[in-house]
Amino acid sequence: MIAYFIMGAPGETTEYREKLPEKIRDLGIDIPYFNVLTPLSDTDFYYQLLNDGVFKDDFWDDFARNPAKDYVIPSHRSVGEEEELQACIESYIDYFK
């Protein structure tokens, strides 16, 4: 069985992240895939971040008007939060090898 998990959602706790590998095993999932929540254009999550002032400008609108091949989506997380999330996912990958 294959399953996809989106990590980094608002409200996601350390306890949830610590228990997730065990829950995946308990569910009989053979191949878990982990992705990071990204504020995509025209989603409620993106508009919430704009409304909350996390993003000062509508970067998706700017990108649509002036696309760039090497565009990098700005993060709504701090550098520390990004590093912690990536380390967590890397530990999951090692766990399920």
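Everything below is about the structure shown above.
## Notes on the packing of aromatic side chains
By convention here, two paired aromatic rings are described through the distance between centres and the angle between planes. Taken as a whole and judged by the stated rule, the model has 13 aromatic pairs. Considering the side-chain rings of Phe63 and Tyr71, the 4.6 Å spacing of their centres and the 35° angle between planes classify their relative orientation as tilted. Three or more aromatic residues link up through ring pairs in this structure, and these residues are Tyr46, Tyr47, Phe55, Phe59, Trp60, Phe63 and Tyr71.

## A few points about the packing of helix α1 (residues 14–26) against helix α4 (residues 79–95)
Between α1 and α4, whose axes approach to 11 Å, the crossing angle comes to 25°. In terms of their interaxial angle, α1 and α4 are classed as roughly parallel. By crossing handedness, the relation of α1 to α4 is classed as right-handed. Together, Arg17, Glu18, Leu20, Pro21 and Arg25 of α1 and Glu84, Leu85, Cys88, Tyr92 and Tyr95 of α4 make up the contact between the two elements. Residue composition of the contact of α1 with α4, grouped by class: six nonpolar, no polar and four charged.

## Examining the pattern of salt bridges
This model, assessed by the stated rule, comprises six salt bridges. One salt bridge in this structure joins Asp61 and Arg65, with 2.8 Å as the shortest N-O distance. Within this pair, Asp61 and its partner Arg65 are both found in helix α3 (residues 59–65), separated by four residues, close to a single helical turn. Asp61 sits in the partly exposed class, given a relative accessible area of 29%. Its relative accessible area of 66% is what places Arg65 among the exposed residues. The structure contains a network of salt bridges with shared partners spanning Glu12, Arg17 and Glu84.

## A look at the nonpolar core
Formed by Ala3, Phe5, Met7, Leu20, Ile24, Ile29, Phe34, Leu85, Cys88, Ile89, Tyr92 and Phe96, the largest nonpolar core amounts to twelve residues. Among the elements of the structure, β1 (2–7), α1 and α4 are those that each provide at least two residues to this core. Per-element tally for this core: the top contributor is α4, with four residues. Non-local contacts of Ile24, meaning those with residues more than four positions away in its chain, are made with Phe5, Ile29, Pro32, Phe34 and Phe96.

## Quick word on the side chain of Glu12
Within the secondary structure, Glu12 sits in the loop between β1 and α1. A distance of 2.5 Å separates a polar atom in the side chain of Glu12 from a polar atom in the side chain of Arg17. When neighbours within four sequence positions are excluded, Glu12 is seen to be in contact with Ile6, Met7, Arg17 and Leu85.

## Structural notes on α4
In a regular helix each residue adds 1.5 Å, so 17 residues correspond to 24 Å; α4 covers 24 Å between its end C-alpha atoms and thus fits that length. Among the residues of α4, those classed as buried are Leu85, Cys88, Ile89 and Tyr92. Looking straight down α4, one finds that the buried residues subtend no more than 95° of arc, so they occupy a single side. Exposed side of α4, more than 90 degrees from the buried face: Val79, Glu83 and Asp94 are the residues found there. The elements touched by buried residues of α4 are β1, α1 and β2 (31–36).

Conventions and cut-offs
- Residues numbered from 1 in each chain as written.
- Predicted model: local features only at pLDDT ≥ 70, side-chain atom pairs only at ≥ 80, totals over all residues.
- Heavy atoms only, no water.
- Phe/Tyr/Trp six-rings, centres within 6.5 Å; stacked < 30°, edge-to-face > 60°.
- Axes fitted to C-alpha atoms, helices over the stretch in contact; angles between N-to-C directions.
- Helix = DSSP H or I, 4+ residues; strand = E, 2+ residues; numbered from the N terminus.
- Parallel < 35°, antiparallel > 145°, perpendicular 65-115°, else oblique.
- Left-handed = near helix turned anticlockwise from the far one by under 90°.
- Contact = heavy atoms within 4.5 Å.
- Nonpolar A, V, L, I, M, F, W, Y, C, P; charged D, E, K, R; others polar.
- Salt bridge = Lys/Arg side-chain N within 4 Å of Asp/Glu carboxyl O.
- Buried < 20%, exposed > 50% of the residue type's maximum accessible area, 1.4 Å probe, protein only.
- Core = buried A, V, L, I, M, F, W, Y, C linked by side-chain atoms within 4.5 Å.
- Polar contact = N/O pair within 3.5 Å; in protein donor to acceptor, adjacent residues only side chain to side chain.
- Expected span 1.5 Å × (residues − 1).
- Arc of directions from axis to C-beta.

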